[in-house]
Every structure is written in structure tokens, then in C-alpha cells.
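Structural description and commentary
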Amino acid sequence: MNKHILKIEESALIIMQKHLENTWPDEGCGFFFGKDGAVRTVTAAYFVQNVKEGDKRRRFEISGLDYIKAEQYALEHQLDLLGVFHSHPNHPALPSEHDLKQAVSFFSYIIVSVYDGLKKELTSWRLNEERKVFEQEQVVFVEVPI
Amino acid sequence: MSKVIIPTPLRKFTAQTATVETSGATVAEAVQDLTDQYPDLRKHLLDDTGKVRSFIRIFVGDEDILALNREETVVENDTVISIVPAIAGG
Ligand SMILES: [Zn+2]
């Protein structure tokens, strides 16, 4: 099977990267938006608070209200809510057991490894609902001329 | 009547419809009407005993129904009900 392709526009990448570097050594998180299709294109992103009580260095959680706002943002801007991004501080950009357990179908899950406050690797994953496994997406970065 | 916002991951069960008008005076009745309209949605919202699944939360306006009267929370004509998947990880 061919890999899903996720195109990420530079402006959205910068928003995700800056936030995840700033929240290091805690995990940061947020939503991204764009157009779904044979190829998904991410054109917008914003971060939200990691409301996990306890170990924010190893866990993240997004509030229900922030989720509702993300769906509203998508409807208002006529975009698709494509998925969730989060960081792995000082850990590789591979999905954890907890990521898999909590994963929702349809969404792309972008994971960014951040070592000592600097982005190292960005990967993206989509849940295969039948097999209960993550499939890695092919990530393509696109520069948008101003 | 109340309006239910379907989360993006569940729209494949509502023919890509984002908002559904439902009848009923409580959240439970609205969910019942919703799953009557879109039967494929049922098993993604409710477990075998008819309870809301543990990874799904339901909000009435800005409030989690767990902080209100749960499934018996009363809804009015202009009430917005949101179905919210729990988003978390490690
Ligand atoms: Zn993770």
C-alpha cells in the first residue's frame, strides 16, 4: 500500500516548531488545518495548552473546550481539521504506546522530537483502525511564495 | 430541537455532515435521535450497554455534561451539543 502523503506549508511548520521548542522540556501540542484529499495539505496550525496534570514532560492532553474551538475554527475558515501535533522532548519522533491507545481515526498525528530546545525530526502518523497500528505518512514540506 | 456538532473523525458516518438537527428534551434523547438518523454512528458513540464511550465526551455549550446532569441534561431549542473525542498521548 502506498503511503499517505502530508504536505506541510512552511508557515504552519514554523508555528508548530516554534511552540514545541518553546515548551521544551515539557510536551507541547496543538491542531493543524488544511485540505483533506488524496494528498493532505496543511495550511494552518495553532497551539493549545497541554492540560495534562502531572508529568507534562512525558504526557499531553488537550481540553474538550479547545477541541470544540478547533472544530469551530475549521468550520469558520472552511478548512478541514486534519490532526494534532505534539512533541517528544529528548525522545525520538516515534509514536508511544499512549499515543496509539488514544489515537482517533482520520486524524494525522504529527510528532516532533525536540532535543535541548531544538527541533530534530518531524514525522506524521495515521491510525489504521482495523489493525490498531499507526501507519507513517510521507511528509513533504512546501514553501509558499509570498 | 438542538444542534449537534459532529467531530471531523466521525463525519464519515454522517455523510460528511458537520452539524445535525436533533429532537429531544435531554442529551440522551438527542443522542438517540442522532443515532436513529445515522445508525452507523451508534457504536462509535455508545458501548454495548448504551453508555457514552470512555474516549468520548459530550458538551452542552461550554460545559461537559459530566459537570451537569450527565445524559439527563436538559437541552433547549438553541442548545449546541458537541461530541468531543478525548485528545491525549505521551
Ligand atoms: Zn507522543
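See the structure above.
As the structure is a prediction and not an experimental result, all values here were calculated from the model. Positions within a chain are numbered from 1, following the residues in the order the chain's sequence is written. Here every chain gets a letter starting at A, and every ligand a number starting at 1, in the order they are written. In view of the model being predicted, local features appear only for residues whose pLDDT reaches at least 70, and side-chain atom pairs are presented and counted only at 80 or more, with totals across whole chains, interfaces and linings using the full set of residues. Values reported for side chains reflect all heavy atoms of the structure, with hydrogen atoms and water molecules removed beforehand.

1. Thoughts on the interface of chain A and chain B
At the junction of the two partners, chain A supplies 26 residues and chain B supplies 21 residues. Joining two parts hides part of their accessible area as seen by a 1.4 Å probe, and the buried area is that hidden amount summed over both. Surface buried jointly by chain A and chain B totals about 2,000 Å² across both partners, of which 63% is contributed by carbon and sulfur atoms. Broken down residue by residue, the surface that chain A buries against chain B is led by Tyr 67, Ile 68 and Gln 102 of chain A, which jointly contribute 27%. Any carboxyl oxygen of Asp or Glu within 4 Å of a side-chain nitrogen of Lys or Arg constitutes a salt bridge here. Taken together, the connections running from chain A to chain B amount to two salt bridges. The definition of a polar contact used here is a pair of N or O atoms within 3.5 Å, where within protein one atom must be able to donate a hydrogen and the other to accept one, and adjacent residues in sequence count solely through side-chain atom pairs. Our enumeration of links across chain A and chain B arrives at eight residue pairs in polar contact (both at pLDDT 80 or more). Helix numbers and strand numbers start at the N terminus; a helix is a DSSP run of H or I with at least 4 residues, a strand a run of E with at least 2. Going through the elements one at a time, β4 (60-62), α2 (64-76), β5 (80-89) and α3 (97-102) of chain A are the ones with two or more residues in the side of chain A that touches chain B. Of all the elements, α2 of chain A adds the most residues to the side of chain A that touches chain B, at six residues. Put simply, Ala, Val, Leu, Ile, Met, Phe, Trp, Tyr, Cys and Pro go in the nonpolar bin, Asp, Glu, Lys and Arg in the charged bin, and everything else, Gly too, in the polar bin. In terms of residue class, the side of chain A that touches chain B is built from 11 nonpolar, seven polar and eight charged. By definition, two strands form a pair when at least two bridges between them are found by DSSP. Bridge count between β4 of chain A and strand β6 (residues 87-89) of chain B: three bridges; the pairing is antiparallel. Looking at β6 of chain B, one finds that Ile 62 of chain A is bridged to Ile 87 of chain B. Residue contacts follow a heavy-atom distance rule, with two residues in contact if any of their heavy atoms lie within 4.5 Å.

2. Some words on the sheet that holds strand β5 (residues 80-85) of chain B
The sheet built from five strands is open, its strands ordered β2-β1-β5-β3-β4 (chain B) with mixed pairing. The sheet is open, and its two edges are formed by β2 (19-22) and β4 (63-64) of chain B, each paired on a single side. Lines fitted to C-alpha atoms define the axes, with helix axes restricted to the stretch in contact, and inter-axis angles between N-to-C directions lie between 0 and 180 degrees. Against the sheet, α2 of chain A contacts β3 (56-60) and β5 of chain B, and its axis sits at roughly 110° relative to β5 of chain B. Where helix α1 (residues 27-37) of chain B meets the sheet, its contacts fall on β1 (2-5), β2, β3 and β5 of chain B, and the angle it forms with β2 of chain B comes to roughly 115°.

3. Concerning the nonpolar core
Core analysis: the largest hydrophobic core is formed by 25 residues, its most contacted members being Phe 31, Ile 62, Leu 81, Val 84 and Phe 107 of chain A together with Ile 87 of chain B. Per element, the largest residue contribution to this core is four residues, and it comes from α2 of chain A. Ile 62 of chain A has contacts with Cys 29, Gly 30, Phe 31, Val 48, Gln 49, Val 51, Tyr 67 and Val 84 of chain A together with Arg 57 and Ile 87 of chain B, leaving out every residue within four places of it along the chain. The set of buried Ala, Val, Leu, Ile, Met, Phe, Trp, Tyr and Cys residues whose side-chain atoms join them within 4.5 Å is what this entry labels a nonpolar core. Three labels apply to residues, based on accessible area from a 1.4 Å probe with only protein chains included: buried if under 20% of the type maximum, exposed if over 50%, partly exposed otherwise in between. The next biggest cluster of nonpolar side chains, apart from the first, holds 20 residues, and it includes Val 31, Leu 34, Leu 45 and Val 75 of chain B.

4. Regarding the pairing of strand β3 (residues 39-48) of chain A
Successive residues of a regular strand alternate their side chains across the two faces of the sheet. Residue and element names in this part refer to chain A. Both strand β1 (residues 5-9) and β3 contribute to a ladder of four bridges, which runs parallel. Paired with Lys 7 across the bridge in β3 is Thr 41. One ladder, built from seven bridges, connects strand β2 (residues 29-35) with β3; its direction is antiparallel. Counted as the bridge partner of Lys 35 is Thr 41 from β3. If you look at the hairpin formed by β2 and β3, you'll find three residues sitting between the two strands.

5. A few points about the pattern of salt bridges
One pass over the full model with this rule turns up four salt bridges over all chains. The partner of Glu 71 of chain A in a salt bridge is Arg 11 of chain B, with the nearest N and O atoms 3.1 Å apart. Taken as a pair, Glu 71 of chain A in helix α2 and Arg 11 of chain B in the loop between β1 and β2 lie in two separate chains rather than in one. Accessibility assignment for this pair places Glu 71 of chain A and Arg 11 of chain B in one class, buried. Residue Lys 12 of chain B is joined to Glu 129 of chain A by a salt bridge in which the shortest nitrogen-to-oxygen separation is 3.5 Å. Linking Lys 12 of chain B in the loop between β1 and β2 with Glu 129 of chain A in the loop between β7 (118-128) and β8 (133-136), this pair reaches from one chain into another.

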